[in-house]
Amino acid sequence: MICFRNNKTLLLLHSIIIFMNSNLILDSLKEKMDLKNTVGKNTANDFSILKQALHVVSKELTQKIGNHQEVISKENGAWEIEIKFGGEVLIFSMHTDIFNFDDEHFTHKLDYVKQDATRSYCGVIKVYNFLADSFKYGRNNDLGYLIARIFVNKDNHFFVEGKRQLGFLYNDFENAIFDEPAIRTVIESCLLYAIQFDLLVPPFDQVKEITVYQKVEQMGNAAVITGKRLGFNYQADNDTFG
């Protein structure tokens, strides 16, 4: 047990602890701020490239499709862009915050992250799939689906969590760089998934009832919720129905 002879020694020790804690807080805060700024700038820069790539893709597809249908890309502010094609709408939305993963996530098991734990901090771009008619006819209760999340870290390495091919084509976090070719490929994979993600007739028992409110408020329009998998399970890792 430590015994202090006078209050001066105790006060001195207390001052030293406060000084050390203050420096630790400042150093930790600076390190975390620098990390978040780097990841944020990377993600914002990549999202800017992604937006330009979407405009290019929409023009190319419109030219190739000809008179059949126009493919339209439209920015909805700084952090969101949509592309409309073939009755589908994909919305790419960048989150302005930076995230880490729980301890059981695969990123923490990689040597790449074990060598530098700050590599697991990522910005995120989410990709949602909606029906174009949901917006065209103002069906505000219709469902959209998260089909992919793109994660980008301080080294501009990336991986994608997503449905079908989106969930296994882009998981080389240690080596994959989110550059222009990679961005273009991810966009094309999202478009292909949405095209192949069919609108299914919902089970009869799911749509056999309708309220008077639904009928009156949405008179002349679809009075029930529409979604590609309405009445079916839409699981995180695969498309399982029933």
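None of the values given here were measured: they were computed from a predicted structure.

Things to note about the sheet that holds strand β5 (residues 145–152)
Strand order in the open sheet formed by six strands is β1-β2-β3-β4-β5-β6, with antiparallel pairing between adjacent strands. The open sheet has two edge strands, β1 (72–75) and β6 (158–162), and neither has a second partner. On average, each strand axis in the sheet is inclined to that of its neighbour by 15°, with strand direction left out of account. Across six bridges, strand β2 (residues 80–85) lies against strand β3 (residues 88–94) in antiparallel orientation. Bridged to I81 within β3 is F92. Sitting on the sheet, helix α5 (residues 180–196) touches β2, β3, β4 (123–131), β5 and β6, and the angle it makes with β3 is about 140°.

Looking at the side chain of Q165
Tracing the sequence through the fold places Q165 in helix α4 (residues 165–168). Setting aside its immediate chain neighbours within four residues, Q165 contacts S189, L192, Y193 and Q196.

Re α5
End to end, α5 covers 25 Å across 17 residues, agreeing with the expected 24 Å (1.5 Å per residue, within 8%). By the N-cap criterion, in which a side-chain oxygen at the helix start approaches the backbone nitrogen of a residue two or three places on, α5 is capped by D179, the distance to A182 being 3.1 Å.

Examining the packing of aromatic side chains
Applying the stated criterion across every chain yields a total of ten aromatic pairs. For the pair Y128 and F130, a centre-to-centre distance of 6.5 Å together with 40° between the ring planes defines the contact as tilted. Classification of Y128 by relative accessible area gives partly exposed; the value is 26%. An aromatic cluster is defined as three or more aromatic residues linked by ring pairs; in this entry it consists of F101, F106, Y112, F151, F159 and F173.

With respect to the pattern of salt bridges
Inspection of every chain in the model, using the stated rule, returns eight salt bridges. Taking the shortest distance from any N to any O, the salt bridge between K51 and E75 comes out at 3.4 Å. One end of the pair, K51, is in helix α1 (residues 7–65); the other, E75, is in strand β1, and 24 residues separate them in sequence. In this structure E75 comes out as partly exposed when scored by relative accessible area, which is 36%. Of the charged contacts, one joins R184 and E188 as a salt bridge, the two residues approaching to 2.7 Å between their closest N and O atoms.

Calculation rules
- Residues numbered from 1 in each chain as written.
- Predicted model: local features only at pLDDT ≥ 70, side-chain atom pairs only at ≥ 80, totals over all residues.
- Heavy atoms only, no water.
- Pairing = 2+ DSSP bridges.
- Helix = DSSP H or I, 4+ residues; strand = E, 2+ residues; numbered from the N terminus.
- Axes fitted to C-alpha atoms, helices over the stretch in contact; angles between N-to-C directions.
- Contact = heavy atoms within 4.5 Å.
- Expected span 1.5 Å × (residues − 1).
- Polar contact = N/O pair within 3.5 Å; in protein donor to acceptor, adjacent residues only side chain to side chain.
- Phe/Tyr/Trp six-rings, centres within 6.5 Å; stacked < 30°, edge-to-face > 60°.
- Buried < 20%, exposed > 50% of the residue type's maximum accessible area, 1.4 Å probe, protein only.
- Salt bridge = Lys/Arg side-chain N within 4 Å of Asp/Glu carboxyl O.

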